[in-house]
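Summary of structural features
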Amino acid sequence: MIDFLSQLDTQIFLTFNGLHSDFFDSFMKLFTGRFIWIPLYVALAAVILHVCRWQKALVYLLAIGAAIALTDQTCATLIRPAVERLRPSNPENPLSQLAYIVGGYRGGSYGFPSCHSANSFALAAFISLLFPRRRMVLFILAWAILNSYTRLYLGVHYPGDLLVGAVIGSSFGALCYLAAARIAPITRSERIARTHQPLLTIPYIAPPLAKPLGAAGLGGRPFAGAHQAEDGRVPALSLRLFAIPASMTPFAVCAATLLFIILKSI
């Protein structure tokens, strides 16, 4: 049975690892970077502080740190040295001759389970339970899945490494969330009310308006958003503010990061 699973793991690895292009080589290498997602982590922390207030937010932030620390140490310190499964990219592994390696990156010696996948899913599980809105759950799970897939694409992990890492990370993420929720409970009404409040405000310059404020727009009403000067005319440009609700802030930051990665990969 173990031999069958190992062969299946290898075949799936070779299938997906062989799907490459110059654009995705650069994209996946950037996406899997250690520091590229710091803006997203900051945005999630800001949402937690905004929704939970600082006393309860501190409990949840510490719980996230504990979940990731427990996950990482379990995978890297306990399981990897005991199992000693070579990465497919490791030169000592005969499979490395068939693996597609991007930019000479091979990772460490052992890869079971994947710490990258485990840590990503620890965060994803915690955030999914803290903010159980469908949009947030789908977003953070999609991020964790793609973040894990980059390791397969780069040739440094088998699919089984990622799957076991995801299970371990999700388990620690859920356990730490339940502990935090018991210490600092938050009602559903609090979450809903505060996630809809503005968290991020972006200033922008409004385009010039074609008519003065007194001129009728569509339906005979004045143009919306116009600002009247002292002489009764509308200025050519006006500074306005675009408010982003707390629930949308991680999406906006993630979209900006993805745009940066895409532009760097072209």
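Above this text is the structure in question.
This section reports on the structure supplied with the text. (Residues numbered from 1 in each chain as written. Predicted model: local features only at pLDDT ≥ 70, side-chain atom pairs only at ≥ 80, totals over all residues. Heavy atoms only, no water.)

Notes on the packing of aromatic side chains
Under the convention used in this document: Ring pairs are drawn from Phe, Tyr and Trp, using the six-membered ring of Trp, whenever the two centres fall within 6.5 Å, and their geometry is named by plane angle: stacked under 30 degrees, edge-to-face over 60, tilted for the rest. In this scheme, the term charge over a ring applies when either NZ of a lysine or CZ of an arginine sits within 6 Å of the ring centre and within 35 degrees of the ring normal.
A complete count under the given rule lists 14 aromatic pairs for this structure. Among the aromatic residues, ring-to-ring pairing joins F23, F24, F27, F31, W37, Y41 and W143 into one connected group. Lying over the aromatic face of Y158, R85 brings its terminal NZ or CZ to 3.9 Å of the ring centre.

Considerations on the environment of L30
As a reminder of what qualifies: For helices the rule is a DSSP run of H or I covering at least 4 residues; for strands it is a run of E covering at least 2, with both sets numbered from the N terminus onward.
Tracing the backbone shows L30 in helix α2 (residues 22-31). Separated by 235 residues in sequence, L30 and S265 place their C-alpha atoms 8.2 Å apart.

As for the pattern of salt bridges
What counts is decided by this rule: For this analysis, a salt bridge means a side-chain nitrogen from Lys or Arg found within 4 Å of a carboxyl oxygen belonging to Asp or Glu. Burial classes: relative accessible area under 20% of the type maximum marks a residue as buried, over 50% as exposed, and values in between as partly exposed (1.4 Å probe, protein chains only).
If you walk through the whole model with that rule in mind, you get 2 salt bridges. Of the charged contacts in the structure, one is a salt bridge between R85 and D9, with a shortest N-O distance of 3.0 Å. Of this pair, R85 sits in the loop between α3 (38-83) and α4 (115-130) while D9 sits in helix α1 (residues 2-17), and the two are 76 residues apart along the sequence. Residue classification places D9 among the buried residues on the basis of a relative accessible area of 9%. Of the charged contacts, one joins D161 and R85 as a salt bridge, the two residues approaching to 3.0 Å between their closest N and O atoms. Linking D161 in helix α6 (residues 159-183) with R85 in the loop between α3 and α4, this pair joins segments that are 76 residues apart in sequence.

Some thoughts on the packing of α2 against helix α5 (residues 134-153)
The relative placement of two packed helices is expressed as an angle between their axes plus a distance between the axes. Put simply, the rule reads: What counts as an axis is a line fitted to C-alpha atoms, over the stretch in contact for a helix, and the angles between N-to-C directions run from 0 to 180 degrees. Our angle categories are set so that under 35 degrees counts as roughly parallel, over 145 as roughly antiparallel, 65 to 115 as roughly perpendicular, and the remainder as oblique. For any pair of crossing helices, the crossing counts as left-handed if the nearer helix is rotated counterclockwise from the farther one by less than a right angle, and right-handed if it is rotated clockwise. Any two residues whose heavy atoms approach within 4.5 Å are treated as being in contact. We call Asp, Glu, Lys and Arg charged. Ala, Val, Leu, Ile, Met, Phe, Trp, Tyr, Cys and Pro are nonpolar, and the rest, Gly among them, are polar.
Axis separation between α2 and α5 bottoms out at 9 Å; the angle between their running directions is 120 degrees. On the basis of their axis angle, the class for α2 and α5 is oblique. As for the relative orientation of α2 and α5, their crossing is left-handed in sense. Of the residues in α5, those in contact with F24, D25, M28 and F31 of α2 are W143, L146, N147, Y149, T150 and Y153. A breakdown of the residues in the contact of α2 with α5 according to their chemical character gives 7 nonpolar, 2 polar and 1 charged.

Here we look at the side chain of N93
Filter applied, for reference: For the purposes of these results, a polar contact is taken to be a pair of N or O atoms within 3.5 Å, where, inside protein, one atom must be able to donate a hydrogen and its partner to accept one; residues adjacent in sequence count only when each atom of the pair is a side-chain atom.
On the secondary structure map, N93 appears in the loop between α3 and α4. Among the polar contacts listed, one links the side chain of N93 to the side chain of Y158, at a separation of 3.0 Å. In contact with N93, not counting residues within four places along its chain, are L86, R87, P88 and Y158.

Quick word on the layout of surface pockets
Note the threshold: Cavities and pockets were defined on a 1 Å grid built from protein atoms only: a cavity is a group of points that admits a 1.4 Å probe but offers it no way out, a pocket is an open group of points flanked by protein on both sides within 12 Å along at least five of seven lines, and a lining residue is one with an atom within 4 Å of any such point. Grid points are joined across faces, edges and corners, and a volume is the space filled by probe spheres set on the points.
Estimated volume of the largest pocket: approximately 600 Å³. The wall of the largest pocket is formed by 24 residues, among which R34, Y41, I68, H116 and N119 lie closest to the centre. Here the second largest pocket defines a volume of roughly 190 Å³. Elements with a contribution of two residues or more to the lining of the second largest pocket: α1, α4, α5 and α6. Broken down by class, the residue content of the lining of the second largest pocket amounts to 10 nonpolar, 2 polar and no charged.

Section: empty space enclosed by the protein
Here the structure, examined in full by the defined rule, presents 1 cavity of 30 Å³ or more. Counted as a void, the largest cavity has a volume near 50 Å³. F131, R133, R135, M136, T195, S247 and F251 are the residues that line the largest cavity.

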